[in-house]
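# Residue-level structure breakdown
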Amino acid sequence: MLSSSSGHLSGLPAPKITYIRAWKPAFPNPRINTQTHCPETVGLPETTEGDSSMALSSYSRTFSFLLLFVTYISTAAGGLLGVDYGRDASNIIPPQRVVELLKANGIGAAAIYDDDVGVIQAFRDSGIKLVVSLRNEKLADAARDPNYAGTWVWEHVGKFFPATQIEAIAVGNEVLDKRLDLAQHLLPAMQNVYNAVKNLGYADRIKISSPVAFSTVSVSFPPSQGRFRNDLKNLVRQLLDFLQRTDSYFMVNLYPFITYRDVPNIDLDYFLGQPNYPGVRDTANGRIYKRLLDAQIDATYTAMADLGFGVSDTPTATTVGASLQRGVKRKIAVKETGCPNCSSRRRRRNQVTTAGVMLNTSLAEKGCSLWNAQTYNRNLVERMLSGQTGTPLFPNSDMDVYIFSLFNENLKPGAESEKSFGLFYPDGTKVYDMPSFSAAGSGSWCVANPAVGQQRMQAALDWACGQGGADCGPIQPGAACYEPNTVEAHASYAMNSYYQRRGRGAGTCDFSGVGQIVYQRPRFGNCNFPSSK
C-alpha cells in the first residue's frame, strides 16, 4: 500500500479574433544531485513553426496499474492492464455490480487484497482476469502447515478456476519492508501455496508471487545502478530464486507520485509521463528517461541483476551482466501504481487547475489533484494499449500493470491522498474521464478548462484560429456553432479543431495548460464537435 517510503524517486459578447502569437513558457534546467536522485533534464523537443509552443506542455511546472487495463475481449500487446480493487469504503457497490462496471469500461483484469469467496464467485464467467491474495496474517499458518495451504488453495482457487480466470496468487503484500516480522514465513508459504496449485494441475496457468515495495531499492538513480537494500538482499535473492524456479515474475509497487511529492526538483511532466517531456539522462549509460515510472522499473531490473538474476530482454539471452548464468522471466508486474485525486469528498472539477494545483491548497498535498490523477493514469493507459511495455534499458520486455485503484476508499486511515486514488467513487460514478481501455486514442476531444479563466481561454482561442490554423468558420456570427456565444464554447471548438487536424497527437491539446482531453463528445448547445479533421 501507499506510504512515504513506497518510492524514492498532472452570455458574453462575441470573442474578437485577434491573431496573436502564443507566449513561450520558461524551461528550467535542474542539475543532477546524486545524493537525492534529482535528475537533469536534457534538451527540449523541437517544434514546428505551425505548432509553436501552445502545443507544448509547460515545463515551468515542477515535476505506477501492474495488472494491465485490458478489455475483456482482448489484451494490449506485451502485457495485462488492470485495476486494484480495494473495498475500504462506505456504501460501496456490491461485487456483482463491480464486474458490470469493469465490463462497461473495458477493464479486463483486477486484483483483490484478500480471498473473499463472494468476490471471487462474482467474477465467475466474466472473462475478467483476477489476482487473489493470501493476506499477511495468514502467512505463518500457510508456511507451517502444507495442509493449511492446500485447503486455502482449494477453497479460494480450486473451487472457482477456470470459470473464474485466476491469473495469479499474491502471497502477502510488502512483507520485505512493512512486515519484516513475517519475512521468515514468506518463502515457505509461497512454496506450500505453489505445491498446492501444482497438485491441482494449474501451476503452468496460475503464477505465485509476492508484491514488493519500491522502498526495498536503496539506490534508484541512475537507473542502471539500481541496488536493493543491503539488509534485504538475502531475502530478495531467495524470492527471485523461487520466481526463477517456478517460471513466475516479480511484482513491485511503484509510486512516482511519492517521489514527486517528497523529492525536490522532480519535474511534474516527468512524474506524469507527459509525451512532450524531453527526458532525464542516466549519467552512467546515457539512456534518456521520459517517464519516472520507467526509471523506477529499470532500477528494479538492475537491482535484480546485481543479485545474480539477469532479466532477459529476449527469451534466451541475459542482457544485464554478460557473466550471469541465471535469468528471471523478462516481465515485471507493477502491482500498484497511480496518482491520488484528493477528491474523496465530491468537489467540483473546476476546483482544480490544469497545473494540478487545488485552488483551495489547504485541502491537498503536493501533486494530489484531479488533473494530475487523470493525466498520469490516462498516459499510462494509452501507453500500455499501444504496446509500449518496454523501458529504455529493456525495450522488448513485457510488463503487467494494475492501476491503484478502482475506488476512492474513504475508510482507509491516513491523509486525504491515501483515500483518493480511485477512478470511481464507491457508488460507481466516475471521478474523472478516462479513455476507452479497448482502443486508446479513439473518441477523444479537446476542450477548454474553464478553471483557467477567461483571459487564458481567449488567448488560446486567438492562437488556434490564427497561427494554429483551426477551422473557426462554424463559430462566426450566424454559423452553426456561434451559439452559445461564450469564450469557453468558442475556445473549445477552435482548440478541438486544431487537436483533430493534428491527428490528436501528443501535446496537441495542451495550449499552455488551457486544454483538457475528454472522452465523451462535448455538448455546447446544438453544436456538433467533429472527432476527425
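Keep in mind it's a predicted model, so treat the numbers as computed, not measured.

Glancing now at the overall build of the protein. Counting its regular elements, the protein contains 14 helices and 18 strands. Burial analysis of the protein (533 residues in total) assigns 60% to the buried set. Carbon and sulfur atoms make up 48% of the accessible area of the protein, which amounts to about 19,800 Å² in all.

This part covers the packing of helix α13 (residues 454-465) against helix α14 (residues 487-501). Look at α13 against α14: their axes get within 9 Å of each other, and the N-to-C directions meet at 40 degrees. Put simply, α13 runs oblique to α14. As α13 packs across α14, the resulting crossing turns out to be left-handed. On the side of α13, the interface is formed by Gln454, Met457, Gln458, Ala460, Leu461, Trp463, Ala464 and Cys465, while α14 contributes Val487, Glu488, His490, Ala491, Ala494, Met495 and Tyr498. Across the contact of α13 with α14, the residue classes break down as 11 nonpolar, three polar and one charged.

Let's shift gears to the sheet that holds strand β4 (residues 166-171). Here nine strands make up an open sheet; going across it, the order is β5-β4-β3-β2-β1-β16-β15-β9-β6 and the pairing parallel. Whereas interior strands pair on both sides, the edge strands pair on one side only; in this sheet they are β5 (207-209) and β6 (212-213). Where helix α11 (residues 370-385) meets the sheet, it contacts β1 (81-85), β15 (331-337) and β16 (398-403), and its direction lies at approximately 145 degrees from that of β16.

The next thing to look at is the state of the cysteines. Using the criterion set out here, one finds four disulfides in the structure. What pairs with Cys446 in a disulfide is Cys509, and their sulfur atoms sit 2.0 Å apart. When the S-S torsion is 85 degrees, as for the bridge of Cys446 with Cys509, the disulfide is right-handed. Of this pair, Cys446 sits in strand β17 (residues 445-448) while Cys509 is found in the loop between α14 and β18 (515-518), placing the two residues 63 residues apart along the sequence. Cys446 gets classed as buried once you look at its relative accessible area, which sits at 0%. On the basis of relative accessible area, Cys509 is assigned to the buried category, the value being 8%. In this model Cys481 forms its disulfide with Cys527; the gap between the sulfur atoms is 2.0 Å. Between Cys481 and Cys527, the S-S dihedral sits near 90 degrees, and the bridge is therefore right-handed.

This next bit is on the packing of aromatic side chains. Applying the stated criterion across every chain, the model contains 20 aromatic pairs. Summarising the aromatic geometry, the rings of Tyr113 and Phe404 are spaced 6.4 Å apart at their centres and angled 85 degrees between planes, so their arrangement reads as edge-to-face. Of this pair, Tyr113 sits in the loop between β2 (109-112) and α2 (117-122) while Phe404 sits in the loop between β16 and α12 (416-419); the two residues are 291 residues apart in sequence, bridging distant segments of the chain. You can call Phe404 buried: its relative accessible area is 1%.

Per-residue confidence for the protein averages 79 on the pLDDT scale, and 75% of its residues sit at or above 70. Contacts from residues 3-78, a stretch scored under 50 in pLDDT, to residues over four places away or in other chains number 296 contacts. pLDDT under 50 marks residues 312-329. Its contacts with residues more than four places away, or in other chains, come to 43 contacts.

This part covers the packing of helix α4 (residues 146-158) against helix α6 (residues 183-199). Closest axis-to-axis distance for the α4/α6 pair is 8 Å, and the angle between their directions is 55 degrees. If you check the angle between α4 and α6, you find them oblique. Seen from above, α4 lies across α6 with right-handed handedness. On α6, the residues touching Pro146, Ala149, Gly150 and Val153 of α4 are Asn192, Val193, Ala196 and Val197. Grouping the constituent residues of the contact of α4 with α6 by class yields six nonpolar, two polar and no charged.

Moving on to the environment of Thr508. For Thr508, the position within the fold is in the loop between α14 and β18. Take Thr508: its relative accessible area is 7%, and that puts it in the buried class. Spatially, the C-alpha atom of Thr508 lies 9.2 Å from that of Asn496, the residues being 12 residues apart in sequence.

Another point: the nonpolar core. Proteins that are soluble and globular tend to have nonpolar side chains buried together. Residues Ile169, Val171 and Phe250 are the most contacted members of the largest nonpolar core, which totals 112 residues. Take this core: its biggest share by element is nine residues, from α6. Listed in part, the 31 residues of the second largest apolar core include Ala464, Cys481, Val514 and Phe524.

Turning our attention to unusual backbone geometry. Residue Pro162 is reached from Phe161 by a cis peptide bond, and omega for that bond is 10 degrees. Examined against the element boundaries, Pro162 turns out to sit in the loop between α4 and β4. Despite not being glycine, Asn265 shows a phi value in the positive range, around 65 degrees. Its location among the elements puts Asn265 in the loop between α8 (256-262) and α9 (268-272).

The next point concerns the side chain of Asp267. Within the secondary structure layout, Asp267 lies in the loop between α8 and α9. At 2.8 Å, the side chain of Asp267 forms a polar contact with the backbone nitrogen of Asp269.

Let's shift gears to the pattern of salt bridges. By the definition in use, this model includes 21 salt bridges. Notably, a salt bridge pairs Asp294 with Arg291, separated by 3.1 Å at the nearest N-O pair. Across the pair Asp294 and Arg383 runs a salt bridge whose closest N-O atoms are separated by 2.7 Å. Of the two residues, Asp294 is situated in helix α10 (residues 292-306) and Arg383 in helix α11; the sequence distance between them amounts to 89 residues.

Rules behind the numbers
Chains are numbered independently. Their residues run from 1 in the order of the written sequence. In keeping with the model being predicted, local features are shown solely for residues with a pLDDT of at least 70 and side-chain atom pairs are shown and tallied solely at 80 or more, while totals for entire chains, interfaces and linings include all residues. With hydrogens and water excluded, all non-hydrogen atoms of the structure serve as input to the side-chain values. Note on conventions: DSSP H or I runs of at least 4 residues are helices, E runs of at least 2 residues are strands, and numbering of each starts at the N terminus. The buried label applies to any residue whose accessible area, calculated with a 1.4 Å probe on protein chains only, is under 20% of its type's maximum; exposed applies above 50%, and partly exposed to all values in between. Each accessible area is a Shrake-Rupley result for a 1.4 Å probe, and residues are judged covered by the shown protein chains and nothing else. Only the stretch in contact is used when a helix axis is fitted, and all axes are lines through C-alpha atoms; the angle between N-to-C directions ranges over 0 to 180 degrees. By definition in this entry, angles of less than 35 degrees are roughly parallel, angles greater than 145 are roughly antiparallel, angles of 65 to 115 are roughly perpendicular, and the rest are oblique. By convention, the crossing between two helices is left-handed when the near helix turns anticlockwise from the far helix through less than a right angle, and right-handed when the turn is clockwise. Contacts: residue pairs with any heavy atoms within 4.5 Å of one another. Classification used: nonpolar for Ala, Val, Leu, Ile, Met, Phe, Trp, Tyr, Cys and Pro, charged for Asp, Glu, Lys and Arg, polar for all others including Gly. By this definition, two strands are paired if DSSP reports at least two bridges between them. Sulfur atoms of two cysteines make up a disulfide when they are within 2.5 Å. Any Phe, Tyr or Trp ring, taking Trp's six-membered ring, that has another such ring centre within 6.5 Å forms a pair; planes under 30 degrees apart are called stacked, those over 60 apart edge-to-face, and the others tilted. Note: pLDDT gives the predictor's confidence per residue, expressed from 0 to 100. The set of buried Ala, Val, Leu, Ile, Met, Phe, Trp, Tyr and Cys residues whose side-chain atoms join them within 4.5 Å is what this entry labels a nonpolar core. Distance and chemistry together define a polar contact, namely a pair of N or O atoms within 3.5 Å, with one atom able to donate a hydrogen and the other to accept it when in protein, and with adjacent residues in sequence counting only for side-chain atoms on both sides. A side-chain nitrogen of Lys or Arg and a carboxyl oxygen of Asp or Glu constitute a salt bridge if their distance falls within 4 Å.

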